[in-house]
Amino acid sequence: MQTISDGPRRRGAVSLCLLLTAGPLMPAQTGNGVSLRIKADQITAKMPPTFHGLMTEEINYAFEGGLYAELIRNRNFKETVPARQNRQNPEQSRAAKEAKDLVNWSLVEERGGVGSMELDTATPLNNAVPASLKLTVSQASGNQSVGVANEGFWGIPVKPDTAYKAMFYAKASAGFSGAVTLSIMSNDGTMVAATAQVPKLSENWQKYEATLTTGNVKASAGNKFVLSANRPGTIWFGFVSLFPPTYKNRVNGFRRDIMELLAAMKPQFLRFPGGNYLEGNTFDTRFNWKNTIGPIEERPGHMDDAWGYWSLDGMGLLEYLAWCEDLNMEPVLAVFAGYSLRGQRVRSGPELDVFVKEALEEIEYVTGDTNTTWGARRARDGHPAPFHLRYVEIGNEDYFDREKGSYDARFTAFYDAIKAQYPNLLLINSAGFSAHALTTRTPDVDDDHYYRSSGEMAAKANDYDSRPRNGPKVFVGEWATRVGSPTPNLEAAVADAANMAGLERNADLVMMHCYAPLFVDVNPGAMQWTTDLIGYNTMSAYGSPAYWAQHMFANHVGDSVLNIVASGIPYREWQQMPRRMGGPPGSAPRAADTSGLTRPTPMPTPIPEMFFSATRDTANGTIYLKMVNRSGTPQQVNVSISGLTSIAQAGKTITLSSANTSDTNSITDPHKIEPVTADVTGLGTEFTRTVPANSITVLELNGR
Ligand code: AHR
């Protein structure tokens with residue numbers, strides 16, 4: 001964030017309060033500005049302790065090659081079907097065919113060394129990894145060598161003065177006397193960035209570890225990881241792993257640059273593991289949590305067919321929880337609820353009981369002490385202390401289950417079983433508010449999802465103001481303004497902020513929200529879903545303007561929501577584009593939605609251009625006033641604050657803006673749009689500020 005200094009501002013008169021933000025529409029502003037009245041002694045809601053959070057799933061290579069720091073792609077040789085981008089890349093496809101389906105691995109013959117490699121199903125490491133990589137060195141002596149190279153996820157990142165931790169399982173044929181050399185080298189083999197040696201191999205499967213440390217090398221992505229030998233013989237590799245330094249040095253942990261971006265957002269919870277990823281296209285490809293725990297070499301991995309690529313499941317249940325621990329987030333655990341994306345479902349009976357039991361065991365794995373079966377298993381997996389869990393979501397977007405009563409019956413079975421054993425857990429209805437899918441049990445929380453254009457986001461940003469308060473609390477478990485690719489632009493960020501002002505004003509009802517999707521790998525072929533909060537490639541990561549909008553709100557929260565009334569808000573005409581039918585309004589398109597129908601084009605409607613919310617930190621008196629201006633011109637805001645003894649003249653603004661709404665951040669221009677912090681004076685119980693066109697402003701006032 002940059003900091004600049006701002007001079008005194010003109011004080012202005014305050015007009016009378018005429019309009020609640022959610023009240024009847026006003027004519028367009030005539031030039032006197034918007035009038036804002038904040039009643040600082042009227043608290044309309046307490047900020048929930050889990051208001052701003054993160055939502056995550058394996059989409060857009062979120063963990064594979066993303067947050068999960070493993071650098072070896074196809075480390076257990078199971079990814080035999082070329083992933084989507086490999087199919088798009090003929091060179092890689094050819095390489096895969098030549099390697100007899102050993103995707104992402106290739107043979108390296110150096111200085112006259114001769115050999116071959118193949119997938120050997122007769123020599124598996126264990127039941128989870130039913131094949132090994134067999135390297136046959138037929139000719140190698142002196143400086144000749146033969147090896148296998150892994151291309152990584154769009155390259156192996158080389159950084160200077162960095163220690164990489166390698167681990168592999170191997171065994172050698174009888175009489176093999178050579179060493180195994182581990183190297184990180186450029187793809188053309190001309191630059192070796194780091195190297196290490198394992199002097200001798202056993203004839204039985206054994207685990208080997210080594211550290212490869214780079215010196216003063218140039219940072220680059222076009223590198224491979226090579227395991228090679230310089231003596232004839234056969235070596236079987238059962239599993240190969242390579243990690244760079246991770247966040248807080250966690251073993252099997254997370255990429256530092258992405259974690260630092262997340263930590264700066266101060267997220268309070270994490271919703272995981274999906275999303276569509278939880279459900280899979282079929283039961284067989286769901287997130288089957290039991291296959292994701294334990295030693296990484298014993299995890300079979302699975303096809304993430306919801307998003308079309310292989311998941312190693314290195315990012316397993318315990319890693320999601322570790323991620324929560326690293327960033328001090330509360331876990332919001334979504335359990336598989338017997339329904340998959342292609343419509344496979346079990347409504348009730350013994351088949352559903354299997355999944356209910358699976359969910360109960362999962363909860364025990366997360367929360368049970370070491371006297372419980374699954375708590376003890378978690379301890380064996382390296383985490384004796386139970387995790388604190390309050391929220392469990394039953395399924396994901398179950399409004400897509402069109403079979404009448406199906407979710408109602410399934411929710412009831414999960415609800416009754418979970419509440420019987422864990423009465424304090426709060427259960428989330430994944431069918432959301434709009435579907436009214438539940439009649440038999442009342443959920444503790446409804447999960448609303450919406451992906452919108454910027455016009456629609458603005459049009460609906462004040463909707464929670466009039467939502468009935470007599471039902472369950474609301475969790476906005478997925479939402480985003482979808483403008484910009486791969487990451488949202490300023491237009492999207494400003495519309496997001498409009499929505500967040502509405503969420504914050506309604507924090508008595510809305511207890512949590514999280515943007516989705518969180519991540520996108522911007523390397524070619526990695527993205528399945530445009531408009532994602534954080535982008536990265538092999539070398540670096542950046543926050544989109546929408547990331548900064550989230551950052552601004554989550555870093556200026558306070559504990560109380562204040563009564564705020566705005567009048568004189570400018571409006572613009574907006575017409576909703578016709579949209580495919582299927583799911584509740586604003587829901588994401590799903591693979592299962594094949595209706596192809598569109599909604600009739602609605603009439604143009606006036607929508608507000610400005611949005612506000614105010615919160616207060618009662619401990620120190622700070623008021624955070626958020627002002628969002630979607631219009632293309634600067635807007636004057638006349639503020640009047642009552643209910644406090646005084647407001648200091650000096651305060652601070654944090655502003656996100658840019659010349660054009662299409663301006664954005666990218667992997668090559670990561671800092672183009674970032675919040676600017678400025679000291680301001682001329683504040684008080686009555687003052688006027690002008691906010692820039694297309695902007696988000698947090699005004700920090702020091703009250704007493
Ligand atoms: O966020 C992308 C997808 O949108 C999620 O996986 C799903 O829950 C929603 O339909």
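For the structure, check the block above.
Please read these numbers as outputs of a predicted model, since none were measured by experiment.

J.: I'd like a rundown of the packing of aromatic side chains, residues and numbers included.
T.: In total, this model carries 28 aromatic pairs according to the counting rule given. For the pair Tyr61 and Tyr309, a centre-to-centre distance of 3.8 Å together with 15° between the ring planes defines the contact as stacked. Taken together, the residues span a long stretch of sequence, with Tyr61 in the loop between β3 (52–55) and α1 (84–88) and Tyr309 in strand β16 (residues 309–311) at a distance of 248 residues. A single burial state applies to Tyr61 and to Tyr309, both of which are buried. On the basis of an interplanar angle of 75° and a centroid distance of 5.0 Å, the ring pair of Phe336 and Phe355 is categorised as edge-to-face. Taken together, the residues Phe336 in the loop between β17 (330–335) and α6 (350–367) and Phe355 in helix α6 connect sequence positions 19 residues apart. For the pair formed by Phe336 and Phe355, the shared burial category is buried. Clustering of aromatic rings is evident, with ring pairs tying together Phe63, Phe254, Phe272, Tyr277, Phe287, Tyr320, Trp323, Phe519 and Tyr536. The ring centre of Trp154 lies 5.3 Å from the NZ or CZ of Arg73, which sits over that ring. A cation sits over an aromatic face here: Arg452 above Tyr450, 3.8 Å from the ring centre.

J.: How would you summarise the nonpolar core if you had to cite specific residues and measurements?
T.: Grouped together as the largest cluster of nonpolar side chains are 139 residues, with contacts concentrated most on Leu67, Leu262, Trp323, Phe414, Ile418, Phe519 and Ile696. At 9 residues, the largest contribution of residues to this core is made by helix α11 (residues 490–505). Among residues more than four places away in sequence, those in contact with Ile418 are Leu360, Ile363, Val392, Ile394, Pro423, Leu425 and Leu427. Membership of the second largest hydrophobic core comes to 39 residues, among which are Met117, Leu133, Ala172 and Phe237.

J.: Which residues make up the site of the ligand, and what are the values?
T.: Close to the ligand lie 12 residues; Glu57, Asn276, Glu397, Tyr451 and Glu478 are nearest. In the model, an oxygen atom of the ligand is placed 2.5 Å from a nitrogen or oxygen of the Glu57 side chain. Computed on the free molecule, the ligand has an accessible area of 280 Å², of which 100% lies beneath the protein chains in the complex. Tallied by class, residues from the shell around the ligand come to 5 nonpolar, 3 polar and 4 charged.

J.: If you had to explain the environment of Asn276 to someone new, which residues and values would you point to?
T.: Looking at the secondary structure, you find Asn276 in helix α4 (residues 276–279). Take Asn276: its relative accessible area is 9%, and that puts it in the buried class. Spatially, the C-alpha atom of Asn276 lies 8.4 Å from that of Glu397, the residues being 121 residues apart in sequence.

J.: An account of the sheet that holds strand β10 (residues 192–198) is requested, with residue identities and associated values reported.
T.: Read across the open sheet, the 5 strands follow the order β4-β7-β12-β9-β10; overall the sheet is antiparallel. Strands at the two margins of the open sheet, each flanked by one partner only, are β4 (105–110) and β10. Across this sheet, the average inter-strand angle for adjacent strands is 25°, counted without regard to direction. As paired elements, strand β9 (residues 180–186) and strand β12 (residues 223–229) share 6 bridges and run antiparallel to each other.

J.: Describe the packing of helix α5 (residues 317–327) against α6, with residues and values.
T.: Axis angle and axis distance: for two packed helices, these are the angle between their axes and the distance between the axes, and together they describe the pair. The geometry of α5 relative to α6 is characterised by a closest axis approach of 11 Å and an angle of 45° between their N-to-C directions. Classed by the angle they form, the pair α5 and α6 counts as oblique. The two elements α5 and α6 cross, and the hand of that crossing is right-handed. In this structure, α5 contributes Leu317, Leu318 and Leu321 to the contact, and α6 contributes Glu362, Tyr365 and Val366. Here the residues of the contact of α5 with α6 sort into 5 nonpolar, no polar and 1 charged.

J.: Could you give me a rundown of the pattern of salt bridges, with the residues and numbers involved?
T.: Charged atoms that come close allow side chains of opposite charge to pair. Tallied over the entire structure, the rule returns 31 salt bridges. With its nearest N and O atoms 2.5 Å apart, the salt bridge here joins Glu361 to Lys290. One end of the pair, Glu361, is in helix α6; the other, Lys290, is in the loop between α4 and β15 (302–304), and 71 residues separate them in sequence. Owing to a relative accessible area of 13%, Glu361 belongs among the buried residues under this scheme. Here Lys357 makes a salt bridge to Glu361, at a shortest N to O gap of 3.1 Å. With a gap of 4 residues between them, Lys357 and Glu361 both fall in helix α6, about one helical turn apart. It is possible to trace a salt-bridge network through shared partners that takes in Arg345, Arg347, Asp398, Asp401, Glu403 and Arg410.

J.: Just give me the short version of the pairing of strand β14 (residues 269–272), but keep the residues and values in it.
T.: Of the two faces of β14, the one carrying Phe269 and Arg271 and the one carrying Leu270 and Phe272 are both buried. Where β3 meets β14, 2 bridges bridge the pair, whose relative direction is parallel. When the sheet's bridge partners are listed, Met55 is paired in β14 with Arg271. In this structure, β14 lies alongside β17, joined through 4 bridges in parallel fashion. Across the sheet, Arg271 pairs through a bridge with Val332, a residue of β17.

J.: Residues and numbers for the layout of surface pockets, please.
T.: What the largest pocket holds in volume is close to 770 Å³. Forming the boundary of the largest pocket are 31 residues, of which Phe243, Arg250, Val251, Asn252 and Ile296 lie nearest the centre. When contributions to the lining of the largest pocket are tallied by element, the ones reaching two or more residues are β8 (163–172), β11 (206–213), β13 (233–243) and α5. Across the lining of the largest pocket, the residue classes tally to 15 nonpolar, 8 polar and 8 charged.

J.: Run through the sheet that holds strand β25 (residues 541–543), naming residues and quoting values.
T.: The strand order across the open sheet formed by 3 strands is β23-β24-β25, and the pairing between neighbours is mixed. The open sheet is flanked by β23 (519–521) and β25, the only strands paired with a single partner. Averaged over neighbouring strand pairs, the angle between their axes works out to 20° when direction is ignored. Relative to strand β24 (residues 534–536), β23 runs parallel, the two sharing 3 bridges. Within the sheet, the bridge partner assigned to Asp521 lies in β24 and is Tyr536. Strands β23, β24 and β25 of the sheet are contacted by helix α3 (residues 256–264), whose axis makes an angle of about 15° with β25.

J.: Requested: an account of the side chain of Asp326, with residues and values cited.
T.: With respect to the helices, strands and loops of the structure, Asp326 is situated in helix α5. Since its relative accessible area comes to 8%, Asp326 is described here as buried. Asp326 has contacts with Tyr247, Lys248, Arg250, Phe254 and Met259, leaving out every residue within four places of it along the chain.

The rules we used
Residues numbered from 1 in each chain as written. Predicted model: local features only at pLDDT ≥ 70, side-chain atom pairs only at ≥ 80, totals over all residues. Heavy atoms only, no water. Phe/Tyr/Trp six-rings, centres within 6.5 Å; stacked < 30°, edge-to-face > 60°. Helix = DSSP H or I, 4+ residues; strand = E, 2+ residues; numbered from the N terminus. Buried < 20%, exposed > 50% of the residue type's maximum accessible area, 1.4 Å probe, protein only. Lys NZ or Arg CZ within 6 Å of the ring centre and 35° of its normal. Core = buried A, V, L, I, M, F, W, Y, C linked by side-chain atoms within 4.5 Å. Contact = heavy atoms within 4.5 Å. Near = heavy atom within 4 Å. Polar contact = N/O pair within 3.5 Å; in protein donor to acceptor, adjacent residues only side chain to side chain. Areas by Shrake-Rupley, 256 points an atom, 1.4 Å probe, with all protein chains shown as cover. Nonpolar A, V, L, I, M, F, W, Y, C, P; charged D, E, K, R; others polar. Pairing = 2+ DSSP bridges. Axes fitted to C-alpha atoms, helices over the stretch in contact; angles between N-to-C directions. Parallel < 35°, antiparallel > 145°, perpendicular 65-115°, else oblique. Left-handed = near helix turned anticlockwise from the far one by under 90°. Salt bridge = Lys/Arg side-chain N within 4 Å of Asp/Glu carboxyl O. 1 Å grid on protein atoms, 1.4 Å probe; cavity = no way out; pocket = protein on both sides within 12 Å on 5 of 7 lines; lining within 4 Å. Points joined across faces, edges and corners; volume = space filled by probe spheres on them.

These values are about where atoms sit, not about what they do.
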